[in-house]
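# An overview of the molecular structure
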Amino acid sequence: MSLILFKIGNTDLTQYVDIQNYDVNNTPEYMEWTDANHIRHRDVIRTRLSGTVKLGFLGSTDVAAFLSVLSSNITAGGYYPASVFSNDDNTLHTGVQIFIDDVADIKRDLTNSRSWHAYELKIEER
């Protein structure tokens, strides 16, 4: 069984993930307060998946398929159904809803008609 790092909807994108720079963790969110003795306290309210996933595509066909996955899975609320692996708890979280902000970077070798399309996705659980 192979490790799944990142799926949007039912599409596994793990093969495109830069695994050396996969940076997603399940971080706690808390309410912080100070008591009468000026001692700080933190109460964990929930945990939230967040981080960066870098994807790379060799050809424009793979990019078109990736963009199609994004457009067909976005919900009316602007989030995506996903499965995301978290480094800090070593767990694949399924059925999560994430927001994605992305930055695209395209490198072209015009002489040899090659291109490399890289996307850095900043993800955060809803």
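Source: prediction; values computed, not measured. (Residues numbered from 1 in each chain as written. Predicted model: local features only at pLDDT ≥ 70, side-chain atom pairs only at ≥ 80, totals over all residues. Heavy atoms only, no water.)

### Description of the overall build of the chain
As a reminder, the rule being used: Numbering of helices and strands runs from the N terminus, with a helix taken as a DSSP run of H or I at least four residues long and a strand as a DSSP run of E at least two residues long. The reference for a compact globule is 2.2 Å times residues^0.38; the radius of gyration itself is calculated from the C-alpha atoms. Note on exposure labels: buried denotes an accessible area under 20% of the residue type's maximum, exposed denotes more than 50%, and partly exposed covers the range between, all computed with a 1.4 Å probe on protein chains only. Exposure was quantified through the Shrake-Rupley algorithm and a 1.4 Å probe, taking into account, for residues, occlusion by the shown protein chains and nothing else. Positive charge is attributed to Lys and Arg, negative charge to Asp and Glu, and no charge count is given to His or to the chain ends. Working definition for charges: the position is that of NZ of Lys, CZ of Arg, CG of Asp or CD of Glu.
Scanning the chain for helices and strands turns up one helix and seven strands. Relative to the globule expectation of 14 Å for 126 residues, the C-alpha radius of gyration of the chain, 18 Å, shows a markedly less compact shape. Overall, the chain is about 70 × 35 × 30 Å in size when its C-alpha atoms are taken along their principal axes. Expressed as a percentage of its 126 residues, the buried residues of the chain come to 32%. Accessible surface, the chain: about 8000 Å² in total, of which carbon and sulfur atoms supply 49%. Treating the 11 positive side-chain charges of the chain as one cloud and the 17 negative ones as another, the clouds have centres 3 Å apart.

### Here we look at the pairing of strand β5 (residues 80–86)
Along any regular strand, the residues point their side chains to alternate faces of the sheet. Convention followed: In this analysis, strands are considered paired if DSSP registers two or more bridges between them.
Counting buried positions over the seven residues of β5 gives six, a clear majority of the element. Bridge count between strand β1 (residues 6–8) and β5: three bridges; the pairing is antiparallel. Within β5, the position partnered with Lys-7 by the bridge is Ser-83.

### Structural notes on the pattern of salt bridges
It is possible for side chains of opposite charge to pair when their charged atoms get near one another. The criterion, for reference: Put simply, a salt bridge is a Lys or Arg side-chain nitrogen that is within 4 Å of an Asp or Glu carboxyl oxygen.
With the rule as written, the count across this model stands at five salt bridges. The salt bridge partner of Arg-40 is Glu-32, with a shortest N-O separation of 3.5 Å. Where Glu-125 meets Arg-46, a salt bridge forms, and the shortest distance between an N and an O atom there is 3.7 Å. Separated by 79 residues along the polypeptide, Glu-125 in strand β7 (residues 114–125) and Arg-46 in strand β4 (residues 40–57) bring together distant segments of the chain. The class for Glu-125 is buried, based on a relative accessible area of 16%.

### Concerning the packing of aromatic side chains
What counts, and what does not: Classification of ring pairs rests on two measures: the distance between centres of Phe, Tyr or Trp rings, Trp counted by its six-membered ring, which must be within 6.5 Å, and the angle between planes, read as stacked under 30 degrees, edge-to-face over 60 and tilted in between.
Per the counting criterion, the structure on display carries five aromatic pairs. Between Phe-57 and Tyr-119 the ring centres are 6.0 Å apart and the planes differ by 75 degrees, which places this aromatic pair in the edge-to-face class. Separated by 62 residues along the polypeptide, Phe-57 in strand β4 and Tyr-119 in strand β7 bring together distant segments of the chain. According to the relative accessible area criterion, Phe-57 is buried, its value standing at 0%. Look at Tyr-119 and you get buried, because its relative accessible area is 10%. Here the aromatic residues Tyr-16, Phe-57, Phe-66 and Tyr-119 are joined through ring pairs into a cluster of three or more.

### A look at the nonpolar core
Put simply, the rule reads: Only buried residues count toward a nonpolar core, which is a set of Ala, Val, Leu, Ile, Met, Phe, Trp, Tyr and Cys residues joined through side-chain atoms within 4.5 Å.
Judged by nonpolar contacts, the single largest core of 26 residues is most densely connected at Phe-6, Val-53, Val-84, Ile-98, Leu-121 and Ile-123. Secondary-structure elements contributing two or more residues to this core are β1, β4, α1 (60–73), β5, β6 (91–109) and β7.

### What about the environment of Asp-18?
Topologically, Asp-18 is positioned in the loop between β2 (11–12) and β3 (23–34). Given a relative accessible area of 29%, Asp-18 falls into the partly exposed group. For the pair Asp-18 and Glu-125, spaced 107 residues apart in sequence, the C-alpha separation works out to 20 Å.

### Description of unusual backbone geometry
If you check the backbone angles, His-38 has positive phi at about 60 degrees while not being a glycine. Mapped onto the fold, His-38 is located in the loop between β3 and β4. Non-glycine residue Asn-90 carries a positive phi angle of around 55 degrees. Summarising the element assignment, Asn-90 is placed in the loop between β5 and β6.

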